[in-house]
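One-letter residues, chain by chain:
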Amino acid sequence: KQWYQRRVAITAGGNTVGPCEREGRKKIVTEVRAGDRLKVGWTSNNHAGGWVRLALVPDGQHKVYEHFEKNVLKIVCYGHDERKGRTSYGDCIHPCNARKGCEYMANKYDGNRYDTTIKIPYNLAEGVYILQYMSAMSAHKTFYYSCARLKIVGGEPSLPCKRTGLAPVAHGCMAGTAVPLTKYEQNTKMGDFCFSPKGLGDQDADMSRVPINPECDPRITCQLSVNSKQCMSEDNKMKDIVDSWDPKQTCKGEIVPPPEPTCSDGIKNNGEQMVDCGGPECEKCFEEPTEPVDTRIYKSLDYTQKQWEDGNINIRAVVTVSKDANDWRYTMFFTKAVDIRTFWGCKIISHNDFKTIWTFGPQHWTKKIKPGQVIQLGFNGKFEADGEYPECVTKNFRAYDPDAY
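This section reports on the structure supplied with the text. (Residues numbered from 1 in each chain as written. Predicted model: local features only at pLDDT ≥ 70, side-chain atom pairs only at ≥ 80, totals over all residues. Heavy atoms only, no water.)

**Some thoughts on the overall build of the protein chain**
Move 1: Across its full length, the protein chain holds three helices and 15 strands.
Move 2: Taken along its principal axes, the extent of the C-alpha atoms in the protein chain is 80 × 50 × 40 Å.
Move 3: Taking the intrachain contacts of the protein chain between residues at least 6 apart in sequence as the baseline, contacts between residues at least 24 apart amount to 74%.
Move 4: By element, 50% of the accessible surface of the protein chain is carried by carbon and sulfur atoms, the whole surface being about 19500 Å².
Move 5: With 55 positive and 51 negative side-chain charges, the protein chain shows a spacing of 4 Å between the two charge centroids. (Helix = DSSP H or I, 4+ residues; strand = E, 2+ residues; numbered from the N terminus. Contact = heavy atoms within 4.5 Å. Areas by Shrake-Rupley, 256 points an atom, 1.4 Å probe, with all protein chains shown as cover. Lys, Arg positive; Asp, Glu negative; His and termini not counted. Charge placed at Lys NZ, Arg CZ, Asp CG, Glu CD.)

If you want it as structure tokens, here you go:
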């Protein structure tokens, strides 16, 4: 297969042999300058979940796996369709909400749209370099490899930038179901790259800066989609990508950085758990229930949870009582929405709007409890099958006094 890159998009193809696919007769080379930001993308191919490892080595060193392993730029999310109900079983319908041409990733928390940007290091000697993509997306058990040629000019090789340790990993990636992140990191280190003209620097410190190739559109074509009609109906601009070896859009006007995401813009972005709440920057979407130790009325609370890729969940809780109480409440706090549909040994009292905090009370025959009594509770429910399982991070079982609330 030919190496296919212009204005850079790693867009399709590749192989499972590596470290690069076989190069065609025509060697396509993209010229960049030290310090440039470059949009790099890949097609979803109807898959979701996993990571992408990007590495950079001089031409001539690209036929040895170990050279790429010791020169990793960063590890980013492969991508998944974050829209509600659009991803399940590690699949989505191409283009899976992938970022289109004339747009680019400007925020480190917006990394699930099948692209990223990289910064060309300042300390590389002028010459041709090979950018490698490596990913085991969705349920694939083997890595796919693809490469692209860059001609880098304007570097200063005398800059000292010795690095140790692993390359940075993007925030908020949905895991693949077959290959864990540790396999991407195995035997690797971050390359000795300078991302500042004065020294080490941070690869993504200026991520909001417009890349030199914003027109790049790695979605390529709706012919890759399992539902091409839906693909076209969502964005008729797909038809404007006329060259699959050089996929791009014609951008109108000047490309400017998108507005900084906020916790009040009405959009699920910035690493948020839900719209405008949760994640590393915004306030929690809910108040976490608390239970001081001195108010506990149980000796033990044994919690078991089973969940499946189709979004079904089964929960059991066995509580051994340690104090008398005339009434009680049992609360569970989940990291993502759970729709509890059936339950036994209790009755539902309330849940919050996000369905992340659920509170249950007793049936009439278990309302009054005594030390040594065992209360058995069970729950069945559903959650969004996007590859991420809900975790019950807090549970409490407490006495309930209606006069105190």
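**Some details on the packing of aromatic side chains**
Move 1: With the rule as written, the count across this model stands at 13 aromatic pairs.
Move 2: Grouping aromatic residues by their ring pairs yields a cluster made of Tyr 330, Phe 343, Trp 358, Phe 360 and Phe 379.
Move 3: Against the face of Tyr 303 rests Lys 395, its NZ or CZ located 4.6 Å from the ring centre. (Phe/Tyr/Trp six-rings, centres within 6.5 Å; stacked < 30°, edge-to-face > 60°. Lys NZ or Arg CZ within 6 Å of the ring centre and 35° of its normal.)

**Details of the nonpolar core**
Move 1: Counting 30 residues, the largest nonpolar core has Trp 42, Leu 56, Tyr 114, Ile 118, Leu 150 and Ile 152 as its most contacted members.
Move 2: Aside from chain neighbours lying at most four places away, what touches Leu 56 is Asn 71, Leu 73, Pro 121, Leu 124, Tyr 129, Ile 130, Leu 131, Leu 150, Ile 152 and Phe 193.
Move 3: Counting residues in hydrophobic clusters, the runner-up holds 25 residues, among them Ile 297, Ile 313, Val 319 and Ile 369. (Core = buried A, V, L, I, M, F, W, Y, C linked by side-chain atoms within 4.5 Å. Buried < 20%, exposed > 50% of the residue type's maximum accessible area, 1.4 Å probe, protein only.)

**Looking at the pattern of salt bridges**
Move 1: This structure, assessed with the given rule, holds 21 salt bridges.
Move 2: Between Arg 83 and Glu 234 there is a salt bridge, with the nearest N and O atoms lying 3.4 Å from each other. Here Glu 234 lies in helix H3 (residues 228-234) and Arg 83 lies in the loop between strand E4 (72-77) and strand E5 (115-119), a separation of 151 residues in the sequence.
Move 3: A relative accessible area of 37% places Glu 234 in the partly exposed class.
Move 4: One salt bridge in this structure joins Lys 355 and Asp 339, with 3.4 Å as the shortest N-O distance. Pair noted here: Lys 355 is in the loop between strand E12 (347-351) and strand E13 (357-361) and Asp 339 is in strand E11 (residues 339-344), with a separation of 16 residues, a long-range link.
Move 5: Its relative accessible area of 28% is what places Lys 355 among the partly exposed residues.
Move 6: The exposure class of Asp 339 is partly exposed, given its relative accessible area of 24%. (Salt bridge = Lys/Arg side-chain N within 4 Å of Asp/Glu carboxyl O.)

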